[in-house]
Amino acid sequence: MRLRTEMPEITGITEWVNGEVNKNDLASKPVLVHFWSISCGMCKESLPAINKMREEYPDLQIVGIHMPRSQKDTDIDAVKETIAKYELKHSQGIDNEHNVVDAFQNEFVPAFYLFDREGLLRHRSAGEKALSMLKKPLERVLQTEEATT
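Report follows, based on the coordinates. (Residues numbered from 1 in each chain as written. Predicted model: local features only at pLDDT ≥ 70, side-chain atom pairs only at ≥ 80, totals over all residues. Heavy atoms only, no water.)

**Notes on the side chain of Lys 23**
Thought 1: One can find Lys 23 in the loop between β1 (15-17) and β2 (31-36).
Thought 2: The class of Lys 23 is buried, set by a relative accessible area of 19%.
Thought 3: Ignoring any residue separated from it by four or fewer positions in sequence, one finds Lys 23 in contact with Glu 6, Met 7, Pro 8 and Glu 9. (Helix = DSSP H or I, 4+ residues; strand = E, 2+ residues; numbered from the N terminus. Buried < 20%, exposed > 50% of the residue type's maximum accessible area, 1.4 Å probe, protein only. Contact = heavy atoms within 4.5 Å.)

Quick look at the structure:
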């Protein structure tokens, strides 16, 4: 996805945990979509930071998308156990068919897509340094939020 691209639809999820969301639910709010997988150690390491971000930035809507990287990763119960273990309280879409993964043209985990309140992509990052690269763009999007309210 290119920067300033409109957020794709979030449809075709195999199963939702912690509540289903769609693009309309997220309209006029800053949104962080994070892709992760139970077979990704780096993803699991980043999950506590995602929880902290959810607490620190209550205006930020966070949506997790579980992206299976192997047949073993499609075990919905194992994904749910990980969601519970890491206390992920925000909406989690289990995307076993890669419908959302494909809509976002995402290839990597962990991966982060940050959208402003107009629903436009303002930042994307993936891999080991993805979370640290997110901090400044996130602050910019949230400052813009404060200036408009």
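**Brief notes about the nonpolar core**
Thought 1: Phe 35, Phe 104, Tyr 113 and Phe 115 are the most contacted members of the largest nonpolar core, which totals 31 residues.
Thought 2: Listing elements by their share of this core, those giving two or more residues are β1, β2, α1 (41-56), β3 (61-66), α2 (76-85), α3 (99-103) and β5 (111-115).
Thought 3: Residue contributions to this core peak at 4 residues, all from β2.
Thought 4: When sequence neighbours within four positions are dropped, the list of residues in contact with Phe 35 reads Ile 65, Val 100, Val 101, Phe 104, Asn 106, Phe 108, Val 109, Pro 110, Ala 111 and Tyr 113.
Thought 5: Formed by 13 residues, the second largest nonpolar core is a distinct cluster that contains Leu 32, Tyr 57, Val 141 and Leu 142. (Core = buried A, V, L, I, M, F, W, Y, C linked by side-chain atoms within 4.5 Å.)

**Describing the state of the cysteines**
Thought 1: Counting across every chain of the model gives 1 disulfide.
Thought 2: Covalently, Cys 40 is tied to Cys 43 through a disulfide, its sulfur atoms 2.4 Å apart. The sign of the S-S torsion, about 85°, decides the handedness of the disulfide formed by Cys 40 and Cys 43: right-handed. Across the pair, Cys 43 and Cys 40 agree in class, each one buried. (Disulfide = S-S within 2.5 Å.)

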